[in-house]
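Structure assessment
So you can see what is in the structure, the chains are spelled out below.
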Amino acid sequence: MTIHTTRMLILGSGPAGLSAAIYGARAGLNPIVVQGIQPGGQLTTTTDVENYPGFAEVIQGPWLMEQMQAQAEHVGTRMMYDTIVEVDVSKRPFRLIGDGGDVYEGDVLVIATGAQARWLGLESEEALKGKGVSACATCDGFFYRGKKVAVIGGGNTAVEEALYLTNHSPDVTIIHRRDSFRAEKILQERLFAHEAVSVLWNKKVERFIDGGGTAGLVGIELKDTVTGELSRIDVDGGFVAIGHHPATELFRGHVELDEDGYIVVEKGSTRTNVPGVFACGDVTDKVYRQAVTAAGTGCMAALDAERFLAEADFEKIAEAAE
């Protein structure tokens, strides 16, 4: 068993975790980043990125995360490749335990474990991710300007994604397996009033249809949930919008979570209900879920953590002087 100690311990290596690491390292806190199951976060599964500030041309998600990691390491971050299986935030230093038995201790802890989009679980979906099938309209809708797209789902996420896509597409279809939406009434009213949107009720996706070669997605095969009848809709893009699940199981019972499992932070900050524990990125964000907003809250977490440590150090010095 090896014990790794640091002033700032960060769990998660997406834009939030690495931004926190960059700021923490520049503040002299010698952060350790424990990468977790998906090093680099969701951007490593994304191909074209066109909306991250600072790049005139389209960049690749994995390349962007490689650059962020290199920057974090350059300013003094230690990267650890491990999967955390146990946490203890009952006292400082906070402690994380990896599946191989290594222990990570930090005077402050930044949680940046992110959230994952829920998928339908179809083989055809997996095969066409990034080739017409997406789980983020805000990220990828721009690539479907003037094209026909479909959104799968019936909650707030699906309705919001469909409305957003009307900024780019003149033909948006929502596919829902029931005969009514779960989305808020005001969102439904906006949707039904929009001439670019149509709804297919009582339909579930059987298969995303591959056009072969470089064509990518060309259509979606549907099954009627009432009659069992099969049908097809031709589309250029399919957006799965059935929600997200935050990676917070490790922290259940340790920090405060909301009813959807997201970590609760103090408004306008990254502070959790445990002093010295901070949370940033998609693990706290059920609204925006963008790389740039995650990076921004990562910066906030590092600054919040730095202030916490400065106050704690001052109090320790004051106590020693008494």
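Residues numbered from 1 in each chain as written. Predicted model: local features only at pLDDT ≥ 70, side-chain atom pairs only at ≥ 80, totals over all residues. Heavy atoms only, no water.

**A word on the state of the cysteines**
Short version of the rule: By definition, disulfides here are pairs of cysteine sulfur atoms that lie within 2.5 Å. Partly exposed describes any residue whose relative accessible area lies between the buried limit of under 20% and the exposed limit of over 50%, with all areas from a 1.4 Å probe on protein chains only and scaled to the type maximum.
Counted according to the given criterion, the structure contains one disulfide. There is a disulfide in this structure between Cys136 and Cys139, and the S-S distance comes to 2.2 Å. As the torsion about the S-S bond is roughly 70 degrees, the Cys136-Cys139 disulfide counts as right-handed. Classification of Cys139 as partly exposed rests on a relative accessible area of 28%. Between Cys280, a free cysteine, and Cys299, which holds the nearest cysteine sulfur, the sulfur-to-sulfur gap is 10.0 Å.

**Quick notes on the sheet that holds strand E12 (residues 171-175)**
Note the threshold: A pair of strands is considered paired only if DSSP assigns at least 2 bridges between the two. Secondary structure follows DSSP: runs of H or I at least 4 residues long count as helices, runs of E at least 2 residues long count as strands, and numbering of each begins at the N terminus. Note on contacts: a residue pair is in contact if any heavy atoms of the two residues lie within 4.5 Å. Every axis in this analysis is a line fitted to C-alpha atoms, fitted for helices over the stretch in contact. Angles between the N-to-C directions lie between 0 and 180 degrees.
Pairing in this open sheet of five strands is parallel, and the strands run E10-E17-E11-E12-E13 from one edge to the other. Because the sheet does not close on itself, it has two edges, and the strands there are strand E10 (133-134) and strand E13 (197-200). The sheet contact formed by strand E11 (residues 148-152) and E12 spans five bridges and is parallel. Bridge assignment links Ile152 to a residue of E12, and that residue is Ile175. Set on the sheet, helix H5 (residues 156-165) makes contact with E11, E12 and strand E17 (237-240); between it and E11 the angle comes to about 165 degrees.

**Focus: the packing of aromatic side chains**
Our working rule: What counts as a ring pair is set by centres within 6.5 Å for rings of Phe, Tyr and Trp (its six-membered ring), and what kind of pair is set by the plane angle: stacked under 30 degrees, edge-to-face over 60, tilted for all other angles.
Summed over the entire model, instances satisfying the criterion amount to eight aromatic pairs. Judged by centre distance (5.6 Å) and plane angle (80 degrees), the rings of Tyr144 and Phe239 are edge-to-face. Taken as a pair, Tyr144 in the loop between helix H4 (137-140) and E11 and Phe239 in strand E17 lie far apart in primary sequence, 95 residues in all. No difference in accessibility class separates Tyr144 from Phe239, as the two residues are buried. Where Phe278 meets Phe308, the ring centres are 6.1 Å apart and the plane angle is 75 degrees; that geometry is what we call edge-to-face. Taken together, the residues span a long stretch of sequence, with Phe278 in strand E19 (residues 277-279) and Phe308 in helix H7 (residues 291-321) at a distance of 30 residues. Overall, the relative accessible area of 1% leaves Phe278 in the buried class. Three or more aromatic residues joined by ring pairs form one cluster here, namely Tyr52, Phe55 and Trp63.

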